[in-house]
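So you can see what is in the structure, the chains are spelled out below.
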Amino acid sequence: MEDKLLLNLLQKNARMKITDLAAALDESKDHVIERLTELEKEKVICGYYTIVNWDRTNNEIVTALIEINAKPERDYGYDRIASHIYKFDEVDTMYLLSGSFDFLAVVKGRTMQEAAYFVASKLASIEGVTGTQTYFVLKQYKNNGIVLVEDEEDKNDRLVVLA
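Let me sum up the structure you'll find in this document. (Residues numbered from 1 in each chain as written. Predicted model: local features only at pLDDT ≥ 70, side-chain atom pairs only at ≥ 80, totals over all residues. Heavy atoms only, no water.)

**Overview of the packing of aromatic side chains**
The description of an aromatic ring pair uses the distance of the two centres, along with the angle that the planes make with each other. Inspection of the entire model under this criterion finds two aromatic pairs. For the ring pair Tyr78 and Phe103, a centre distance of 5.6 Å and an interplane angle of 85° mean the geometry is edge-to-face. Remark: Phe103 occurs in strand S3 (residues 103-109) and Tyr78 occurs in the loop between strand S1 (62-70) and helix H4 (79-86); sequence separation between them is 25 residues. Since its relative accessible area comes to 1%, Phe103 is described here as buried. Between the aromatic rings of Phe88 and Phe118, the centroid separation amounts to 5.4 Å while the plane-to-plane angle is 80°, which identifies the pairing as edge-to-face. Residue Phe88 is found in the loop between H4 and strand S2 (91-96), and its partner Phe118 is found in helix H5 (residues 112-123); the two are separated by 30 residues along the sequence. Take Phe88: its relative accessible area is 23%, and that puts it in the partly exposed class. For Phe118, a relative accessible area of 1% translates into the label buried. (Phe/Tyr/Trp six-rings, centres within 6.5 Å; stacked < 30°, edge-to-face > 60°. Helix = DSSP H or I, 4+ residues; strand = E, 2+ residues; numbered from the N terminus. Buried < 20%, exposed > 50% of the residue type's maximum accessible area, 1.4 Å probe, protein only.)

Here it is, written out as structure tokens:
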């Protein structure tokens, strides 16, 4: 079985039935289950998620993208500072990057004030963090390959009627 195909199928639809996966991969159900179990144990598959368009619910969720500059530590580089940051519940996603800042953290909160408080009181006080820049997400168009808004171009694909 080719892991790449299995992983691509699951990434597009984590709810895909084992029987459908087995048929798509031309494998037995038992073999697919066995391989999924191995991939989970190896931390290749780290979870199964649902993409939610929070704008279409009654729940208020604020997303902030935070650029973080940090001073690497001797013998640890950026890893120990990253560990201090990503362990906070508010941090949804975090990356080490090349470029004009060192980390990008995606922070979730109920309000802008809650996210701002996290930056000011928790993030900025971490030893080694030398600066932050916060951007609040105003509208989400696409998430993990899924378009979350109606495409304006598709709305106007009506036939022209000449009288």
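Now, onward.
**Remarks on a nonpolar patch on the surface**
On the surface, Val52, Trp54 and Ile61 cluster together into a nonpolar patch covering about 220 Å² of accessible area. Mapped onto the secondary structure, Ile61 falls in the loop between helix H3 (29-41) and S1. On the basis of relative accessible area, Ile61 is assigned to the partly exposed category, the value being 36%. (Patch = residues over 30% accessible without salt bridge, like charges linked within 9 Å, V, L, I, M, F, W, Y side chains within 5 Å. Areas by Shrake-Rupley, 256 points an atom, 1.4 Å probe, with all protein chains shown as cover. Salt bridge = Lys/Arg side-chain N within 4 Å of Asp/Glu carboxyl O.)

**Concerning the sheet that holds S1**
If you trace the four strands from one edge of the open sheet to the other, you get S2-S3-S1-S4, paired in antiparallel fashion. With one partner strand each, in any of the chains shown, S2 and strand S4 (129-136) form the two edges of the open sheet. For this sheet, the mean inter-axis angle between neighbouring strands, taken without regard to orientation, is 20°. Relative to S3, S2 is paired through five bridges, and the arrangement is antiparallel. In the sheet register, Thr93 faces S3, and the bridge partner there is Val106. The strands touched by H4 within the sheet are S1, S2, S3 and S4, with S2 carrying the most contacts at an inclination of about 165°. (Pairing = 2+ DSSP bridges. Axes fitted to C-alpha atoms, helices over the stretch in contact; angles between N-to-C directions. Contact = heavy atoms within 4.5 Å.)

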